[in-house]
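Single-letter residue listing:
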Protein chains: 2
Amino acid sequence: MTSPIESGISTQTHGSRGIRLAVDAMGGDHGPSEVVPGALDHAAAHPEDHLFLVGDPDRIRQAGGTLPSNVEIVPASQVIEMHEHPALALREKKDASILVGCDLVRTGKADAIVTAGHTGAAMAAAVLRIGRLPGVDRPALAVQMVRMGRPFVLLDIGANPDSTPENLAQYARMGAIFAERVIGITDPRVALLSIGEEKGKGDQRIQRATELLDASDLHFVGNVEGKDLTADTADVVVTDAVVGNVVIKFFEGLSTFIFDLWRREFSGGIRGRLAYLLMRPGISRIRRVFDYERAGGSPLLGVKGAVIITHGRAKRRMIGFACEVAANTARTGVPALIADALREDALRAAAIAMPGPDATEGGAVG
Amino acid sequence: MTSPIESGISTQTHGSRGIRLAVDAMGGDHGPSEVVPGALDHAAAHPEDHLFLVGDPDRIRQAGGTLPSNVEIVPASQVIEMHEHPALALREKKDASILVGCDLVRTGKADAIVTAGHTGAAMAAAVLRIGRLPGVDRPALAVQMVRMGRPFVLLDIGANPDSTPENLAQYARMGAIFAERVIGITDPRVALLSIGEEKGKGDQRIQRATELLDASDLHFVGNVEGKDLTADTADVVVTDAVVGNVVIKFFEGLSTFIFDLWRREFSGGIRGRLAYLLMRPGISRIRRVFDYERAGGSPLLGVKGAVIITHGRAKRRMIGFACEVAANTARTGVPALIADALREDALRAAAIAMPGPDATEGGAVG
């Protein structure tokens, strides 16, 4: 029997069109020693894809040995470190691996990019070099959140503080396309995260965004609360950067806290150690539910290319999943679908705003 | 050995001044059958306090039997149900138990009130009938959050969407007084919940509130992230209603989700059941860490009286703790201390805003 989560995160298979994937080989806490093997795992599993490993050629070769024919090195002499100020670092380090990688997407040499580097720098590099899709006001950072069964998409988790209701409505559209194409959820249910389920609740931004989503042709199921995030109530949950960021970091902190409590009990004394031995299969089932590595990382939605920003601590296995999610995002045409959908949304909004014949006549008479 | 949590939530003892405590006997999912016994537990443990049980006399007597001399019934013929619209219900049900109870505080007959009823109706009733303290722009709903060791105070968890930076600064002041007086934390560390620890992060409201708290004489330790909520980084964490509400409900949902996963493993098969028997002492230690009942409920800070809004699902034990927290909030003079502190803050702000002699001279010359 497979775990319920196995049917879920980013394990969809999507045709066989080869994707050209740039990988920032230098980013993250582990650098090439984990990123390169993870990328090579993807290259081996997907011979139809072509990978560009961006960074220091010597260190990449050291980590990867003899490279297969669908992998090539693109040299970059600099790295943006995790502690650096993103804007400053991007200005000063013109040959940083994340910039060189984004340029491969900008110039059409690559369809997608994966980085485990500095999140702020990666978002800024993607927006500056790859650019926003037409109609996108602000790109949003999304994440696949675990729960029983299929994951759901939560966004924005930190790209844009001070978002407007219109931004939230765009996030909903972008998140729904990602959920449908990459996770494989048909007609994804979209919800706004709020204080209560009733429409009058929440702040002014939420109330206005509720109106916008009500008027959209998305499958909007209304507002959900914090407790609903672990239940199967929506496939795409839209919120502002501050709330989304607090949620994912609190999730990380609280689940670690609870598992540490259990670990302490299982390691204390004979009773605990014996219970641990008995519970081992159960513990690994629980671990699989919380296997966030399968999500690969956070897609930055709304830019002209598939951009996956994975965890700074990501190791080989998670890097492999990040490459898979990036390739699937590109293969299923998520960026182009977002651009199309936003164009249609804009046309629909313009049609509603345009006065009809009656209104014109009324104006003439009045 | 005592659990770390035992030294924590609301178990401070505070002198022996008798408190007159109104208890909304009708509120909550269980009504008098749980509220009355919980209140009587408090009355028995604190003979110096005097309790008013507000509601249907017959049902109160049925639930409580012969009442002790420090408990009396105050009749109220109506109840606001959990599903009602708060403002509408308060207008229509003039003899609702929550209104009659708040009137006891307004007229000075009671110092404090406890309710397990409709949170929105209770907040509205408290503001309308008891009234805000001078200088309070908006009262805030706080909660004692569990972690290892002492709990911390999180506010606002849902009183005021669309709070201003000035509101957040007032919440910080009010939360610090509650933490110091009721939890017993000397010089409590105050933090703002944000996207990152750096001061430039977060939205405009957070950035401006950071400046206000930096300029205050509170023990402001800066900004914390979602992952810090389970760590011992601050004693008072200030945030907006939407974020705070999502956090506490996500906490409830996620911890239930994780414990359900364990429960399923412990109840499945011989191995699980045997492991459960071995782990029983460990499991009860873990349960004690998550014993939110000891917090009693949520203090509504900034009104002219001690108001504790406890969980709708609260049973006898939690009602007892709610009475204790309400009595301690009143006994330690939290409302008066908040009024004093806000008056001092206003004087300090006025002194800074007032031009000094140099500025006046400059003005005359210019």
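J.: Residue-level account of the relation of the copies chain B and chain A, with values.
T.: You can overlay chain B on chain A at an RMSD of 0.1 Å; the transform is a turn of 180 degrees with a shift of 0.0 Å along its axis. What we have between these two chains is a two-fold relation. Measuring from the rotation axis to each C-alpha of chain B, the shortest distance belongs to Ala275(B), at 2.2 Å. The residues that chain B uses at the interface reappear at the interface of chain A in 100% of cases, marking a shared surface.

J.: Could you give an account of the pattern of salt bridges, naming the residues involved and the relevant values?
T.: Residues and elements named next belong to chain B. Summed over all chains, the structure comprises 59 salt bridges over all chains. Across the pair Arg189 and Asp235 runs a salt bridge whose closest N-O atoms are separated by 2.9 Å. With Arg189 in strand E7 (residues 189-193) and Asp235 in the loop between strand E8 (219-224) and strand E9 (236-238), the pair connects residues that are 46 residues apart, well separated along the chain.

J.: I'd love a proper account of the environment of His85(A), names of residues and values included.
T.: Structurally, His85(A) can be placed in the loop between strand E3 (71-75) and helix H3 (86-92). Separated by 167 residues in the primary sequence, His85(A) and Glu252(A) have C-alpha atoms spaced 24 Å apart.

J.: Quick one: what's the story with a nonpolar patch on the surface, residue by residue and with numbers?
T.: Together, Leu274(A), Tyr276(A) and Leu277(A) give the surface a local cluster of nonpolar side chains, amounting to about 260 Å² of exposed area. Judged by relative accessible area, Leu277(A) falls into the partly exposed class, the value being 45%.

J.: Tell me about the interface of chain B and chain A, and name the residues and values.
T.: Tallying the contact residues gives 52 residues for chain B and 52 residues for chain A. Note on chain B versus chain A: buried area summed over both sides is about 4900 Å², and carbon and sulfur give 77% of it. When residues of chain B are sorted by the area they lose upon contact with chain A, Ile195(B), Phe250(B) and Trp262(B) head the list and together hold 15% of the total. Taken together, the connections running from chain B to chain A amount to four salt bridges. Its salt-bridge partner being Arg285(A), residue Glu265(B) comes within 2.7 Å of it at the nearest N-O pair. Viewed at the interface, chain A and chain B are joined by 15 residue pairs in polar contact (both at pLDDT 80 or more). Sorting the residues of the side of chain B that touches chain A by element identifies helix H7 (204-215), helix H8 (241-267) and helix H9 (269-289) of chain B as the ones contributing at least two each. In terms of residue count, H8(B) provides more of the side of chain B that touches chain A than any other element does, 20 residues in total.

J.: With reference to specific residues and values, describe the side chain of Glu265(A).
T.: Along the chain, Glu265(A) falls in helix H8 (residues 241-267). Dropping the residues within four chain positions of it, Glu265(A) is found in contact with Gly272(A), Met279(B), Gly282(B), Arg285(B) and Ile286(B).

J.: I'd like a description of the packing of H8(A) against helix H9 (residues 269-289) of chain A, backed by residues and values.
T.: Residues and elements named next belong to chain A. At a minimum axis distance of 7 Å, the contact between H8 and H9 shows a crossing angle of 140 degrees. It follows that H8 is oblique to H9 by the angle criterion. Seen from H8, the contacting residues are Phe259, Arg263, Glu265, Phe266 and Ser267; seen from H9, they are Gly269, Gly272, Arg273, Ala275, Tyr276, Met279, Ile283, Ile286 and Arg287. Split by residue class, the contact of H8 with H9 holds seven nonpolar, three polar and four charged.

J.: Run through the sheet that holds strand E3 (residues 71-75) of chain B, naming residues and quoting values.
T.: Residue and element names in this part refer to chain B. Reading across from one edge, E3-E2-E1-E4-E11-E10-E5-E6-E9-E7-E8 is the order of the 11 strands in this open sheet, with mixed pairing throughout. Among the strands making up the open sheet, the edge pair consists of E3 and E8. Within this sheet the neighbouring strands show an average axis-to-axis angle of 25 degrees, counted without direction. Here E7 runs beside E8; their pairing, made up of five bridges, is parallel. Looking at E8, one finds that Val190 is bridged to Phe220.

J.: I'd love a proper account of the confidence of the model for chain A, names of residues and values included.
T.: Residues and elements named next belong to chain A. Mean pLDDT for chain A: 90, with 92% of residues reaching 70 or above. Segment residues 1-14 is flagged for pLDDT under 50; beyond a separation of four residues in sequence, or across chains, it makes 37 contacts in the model. Here residues 359-366 is a poorly scored stretch, pLDDT under 50, and it has one contact once near neighbours within four places are set aside; other chains count. Note on the complex model: pTM 0.90, ipTM 0.89.

J.: Any details on the packing of helix H1 (residues 32-45) of chain A against helix H10 (residues 316-331) of chain A? Residues and values, ideally.
T.: Residues and elements named next belong to chain A. Interaxial distance between H1 and H10 falls to 7 Å at its minimum, and their mutual angle equals 50 degrees. Comparing their axes, H10 and H1 come out oblique. Like other packed secondary-structure pairs, H1 and H10 cross with a definite hand, here right-handed. On the side of H1, the interface is formed by Glu34, Val35, Pro37, Gly38, Ala39, Asp41 and His42, while H10 contributes Arg316, Ile319, Gly320, Cys323, Glu324 and Ala327. For the contact of H1 with H10, the per-class residue count stands at six nonpolar, three polar and four charged.

Thresholds, definitions, all that
- Residues numbered from 1 in each chain as written.
- Chains lettered and ligands numbered in written order.
- Predicted model: local features only at pLDDT ≥ 70, side-chain atom pairs only at ≥ 80, totals over all residues.
- Heavy atoms only, no water.
- Least-squares fit on C-alpha atoms with pLDDT ≥ 70 in both.
- Contact = heavy atoms within 4.5 Å.
- Salt bridge = Lys/Arg side-chain N within 4 Å of Asp/Glu carboxyl O.
- Helix = DSSP H or I, 4+ residues; strand = E, 2+ residues; numbered from the N terminus.
- Patch = residues over 30% accessible without salt bridge, like charges linked within 9 Å, V, L, I, M, F, W, Y side chains within 5 Å.
- Areas by Shrake-Rupley, 256 points an atom, 1.4 Å probe, with all protein chains shown as cover.
- Buried < 20%, exposed > 50% of the residue type's maximum accessible area, 1.4 Å probe, protein only.
- Buried area = accessible area lost by both parts, 1.4 Å probe.
- Polar contact = N/O pair within 3.5 Å; in protein donor to acceptor, adjacent residues only side chain to side chain.
- Axes fitted to C-alpha atoms, helices over the stretch in contact; angles between N-to-C directions.
- Parallel < 35°, antiparallel > 145°, perpendicular 65-115°, else oblique.
- Nonpolar A, V, L, I, M, F, W, Y, C, P; charged D, E, K, R; others polar.
- Pairing = 2+ DSSP bridges.
- pLDDT = per-residue confidence, 0-100.
- Left-handed = near helix turned anticlockwise from the far one by under 90°.

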